[in-house]
Amino acid sequence: AQQARQGVSQWLPREATVSVEPDHQGGTHVVVAANLRGFVRPIRLAITQSMKGDPKARTTRHGDHEILNLGGGGAICFMGGTLVVGSQAAAMPAVLDRLSTSGAPPRRSSERALPGDWDVNGWLEGDLGAKLLTHLLVPEDDASSDGESAPPVEGIRDVRFGIDLE
């Protein structure tokens, strides 16, 4: 079981950031940046080779980076050991520029440290954490009659979590 657990954890990112950003049409798009533990080259090779068979997929360059534009409008780019995935290919050059100039990620705060040894851990700030916690703790039967979910749990500032894969 321990060997299987270690095998699965190798495919999980060390860190990941999800950003929901405004677009030029008044909507939003999602960007995910995941720092992979390893296997970056094989993963990159597998993705690029599988996309070569898709007539809708095309590759473009932006600076030193190769962007794989997917047929459905999204895009993927490898920036060293970081996999960047965006829901709108047109937004990827600006995202890559911002990531290229952002420098090293901030050091972890000791306040955010989660005791124990977790396969995946994270921190959700503000409303996002409160809404997720409410969704997990409040049964759907308790939703209001107009279809809206129950109000967020009072007093929640942030949510720390740890997941142990077995």
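Peer 1: An account of the confidence of the model for the protein chain is requested, with residue identities and associated values reported.
Peer 2: Across the protein chain, the average pLDDT comes to 77, with 75% of residues at 70 or higher. When pLDDT is averaged over each element of the protein chain, strand β5 (residues 75-79) comes out on top at 92 and helix α1 (residues 2-9) at the bottom at 62.

Peer 1: Which residues make up the sheet that holds β5, and what values do they have?
Peer 2: A sheet is described by the order of its strands in space; here 6 strands give the open sequence β1-β2-β6-β5-β4-β3, paired in antiparallel fashion. The open sheet has two edge strands with one neighbour each: β1 (13-22) and β3 (58-62). Taking each pair of neighbouring strands and ignoring which way they run, the sheet shows an average axis angle of 20°. Packing against the sheet, helix α2 (residues 40-51) makes contact with β2 (28-36), β4 (65-69) and β5, and its axis sits at approximately 150° to β5. Sheet strands touched by helix α3 (residues 92-101): β1, β2, β3, β4, β5 and β6 (82-86). Its angle to β5, the strand with the most contacts, is close to 20°.

Peer 1: For the side chain of Thr82, give the residues involved together with the corresponding values.
Peer 2: Mapped onto the elements, Thr82 comes out in strand β6. We classify Thr82 as buried; its relative accessible area is 17%. If we ignore the near neighbours within four places in the chain, the residues touching Thr82 are Ala33, Ala34, Asn35 and Cys77.

Peer 1: Got a sec to walk through the side chain of His29? Specific residues and values, please.
Peer 2: Checked against the element boundaries, His29 lands in strand β2. Classification of His29 as buried rests on a relative accessible area of 5%. Beyond its immediate sequence surroundings of up to four residues, His29 is in contact with Ser19, Val20, Glu21, Pro22, Asp23, Ser87, Gln88, Ala91 and Val95.

Peer 1: Describe in detail the pattern of salt bridges, supporting the description with residues and values.
Peer 2: Per the stated rule, a full pass over the model turns up 3 salt bridges. In this structure, Arg98 and Glu21 form a salt bridge, with 2.5 Å as the shortest nitrogen-oxygen distance. Within this pair, whereas Arg98 is found in helix α3, its partner Glu21 is found in strand β1, the two being separated by 77 residues in sequence. Residue Arg98 is classed as partly exposed on the basis of its relative accessible area, which comes to 42%. Through salt bridges with shared partners, one network takes in Arg44, Arg61 and Glu66.

About the thresholds
Residues numbered from 1 in each chain as written. Predicted model: local features only at pLDDT ≥ 70, side-chain atom pairs only at ≥ 80, totals over all residues. Heavy atoms only, no water. pLDDT = per-residue confidence, 0-100. Helix = DSSP H or I, 4+ residues; strand = E, 2+ residues; numbered from the N terminus. Pairing = 2+ DSSP bridges. Axes fitted to C-alpha atoms, helices over the stretch in contact; angles between N-to-C directions. Contact = heavy atoms within 4.5 Å. Buried < 20%, exposed > 50% of the residue type's maximum accessible area, 1.4 Å probe, protein only. Salt bridge = Lys/Arg side-chain N within 4 Å of Asp/Glu carboxyl O.

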